[in-house]
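# Analysis of the macromolecular model
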Amino acid sequence: EKVSAWMDMYFAAVRECIGPLEKVPELGKLFTEDFEFVYYTPPATAEFTGTRASREGLLMQMVHPGLREIIEPYYYANNLEKLIVSVRFNDRTVEEASGKDLVPPFQASAHYTLVPAEDTGFKIKLLEYWTENQTPENIAITQAAWFKNSKPVFESIIFDWLKARY
């Protein structure tokens, strides 16, 4: 019961924080320092995803202002002995200005390996992620939108960092 309640809290936090640069860092506390993200869905060489990421690498992928990624879990299957949670969910990326889906929603599943944590109850140590195959066109649309929406934010951070060092 604690594990399912924690996963409900996690997905509520993801819905709230994914997208805007100011909110994404709030998710960092839900992952271990040595967290690993593994993306198994082809194409494994997709530039916007890659096959593996650290905690910070995953959080960077969650920064895309103007877009809202909505992850809607259908169910959890918990292995309480190993603290592994399998989740099936619907994944949508919505343009905030229009409220329209960027591409058709798709099905995904993930295995979350948890570890106990004093500050948050649990933390995610390993996230293994699979999605249904998507058309190359939809992948290109999503990639272009993520880059378009995140590039100005990252440029602003770098510019401010550079200016602070003059």
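For the structure itself, look to the data block above.
Keep in mind that what you see is a predicted model, and the values were worked out from it rather than measured. (Residues numbered from 1 in each chain as written. Predicted model: local features only at pLDDT ≥ 70, side-chain atom pairs only at ≥ 80, totals over all residues. Heavy atoms only, no water.)

### Looking at the overall build of the protein chain
Worth spelling out the cut-off: Counting from the N terminus, the helices are DSSP H or I runs at least four residues long and the strands are E runs at least two residues long. Radius of gyration: C-alpha atoms only; globule rule: 2.2 Å multiplied by the number of residues to the exponent 0.38.
Of regular secondary structure, the protein chain possesses three helices and six strands. In sequence order, the secondary structure elements of the protein chain are arranged as α-β-β-α-β-β-β-β-α. Over its C-alpha trace the protein chain gives a radius of gyration of 16 Å, about what one expects of a compact globule, namely 15 Å for 166 residues. Dimensions along the principal axes, computed over C-alpha positions, put the protein chain at roughly 50 × 40 × 30 Å.

### Some thoughts on a nonpolar patch on the surface
Note the threshold: For patches, a residue must show more than 30% relative accessible area and have no salt bridge; joins then use 9 Å for like charges and 5 Å for nonpolar side chains, namely Val, Leu, Ile, Met, Phe, Trp and Tyr. In these tables, accessible area is a Shrake-Rupley quantity obtained with a 1.4 Å probe, and a residue counts as shielded only by the protein chains included in the view. Definition used for salt bridges: Asp or Glu carboxyl oxygen within 4 Å of a side-chain nitrogen of Lys or Arg. Partly exposed describes any residue whose relative accessible area lies between the buried limit of under 20% and the exposed limit of over 50%, with all areas from a 1.4 Å probe on protein chains only and scaled to the type maximum.
Residues Ile158, Phe159, Trp161, Leu162 and Tyr166 make up a contiguous nonpolar surface patch of roughly 620 Å² in combined accessible area. With respect to the element layout, Trp161 can be found in helix α3 (residues 136-163). Among the residues examined, Trp161 registers a relative accessible area of 48% and is labelled partly exposed.

### Notes on the packing of aromatic side chains
Going by this rule: Pairing of aromatic rings covers Phe, Tyr and Trp, the last counted by its six-membered ring, and requires centre-to-centre distances within 6.5 Å; plane angles under 30 degrees mean stacked, over 60 mean edge-to-face, and any other angle means tilted.
The final tally for this structure, using the stated rule, is 13 aromatic pairs. Ring geometry for Phe37 against Tyr129: centres 6.0 Å apart, planes inclined by 40°, an arrangement best described as tilted. Taken together, the residues Phe37 in strand β1 (residues 31-39) and Tyr129 in strand β6 (residues 121-131) connect sequence positions 92 residues apart. The same class applies to Phe37 and to Tyr129, which are both buried. Here the aromatic cluster, defined as three or more aromatic residues joined through ring pairs, consists of Trp6, Tyr10, Phe11, Phe31, Phe35, Phe37, Tyr39, Tyr76, Phe89, Tyr112, Phe122 and Tyr129.

### Concerning the nonpolar core
Rules: Remark: nonpolar core denotes a set of buried residues (Ala, Val, Leu, Ile, Met, Phe, Trp, Tyr, Cys) joined through side-chain atoms within 4.5 Å. By definition, residues are in contact when any of their heavy atoms lie within 4.5 Å.
With 36 residues, the main nonpolar core has Met7, Tyr10, Leu27, Phe31, Tyr112, Leu114 and Ile124 as its most contacted residues. Looking at this core, the elements that each hand over two or more residues are α1 (2-17), β1, α2 (55-61), β4 (84-95), β5 (106-117) and β6. Every residue in contact with Leu114, bar those within four places of it in the chain, is listed here: Val3, Trp6, Met7, Leu83, Val85, Phe122, Lys123 and Ile124. Formed by five residues, the second largest nonpolar core is a distinct cluster that contains Leu67, Leu102, Val103 and Trp146.

### Details of α3
Here is the rule: One less than the residue count of a helix, multiplied by 1.5 Å, gives the span that helix is expected to have.
The end-to-end C-alpha distance of α3, which contains 28 residues, comes to 39 Å, matching closely the 40 Å that a straight helix rising 1.5 Å per residue would cover. Buried residues of α3: Asn138, Ile139, Thr142, Gln143, Ala145, Trp146, Ser150 and Val153, and no others.

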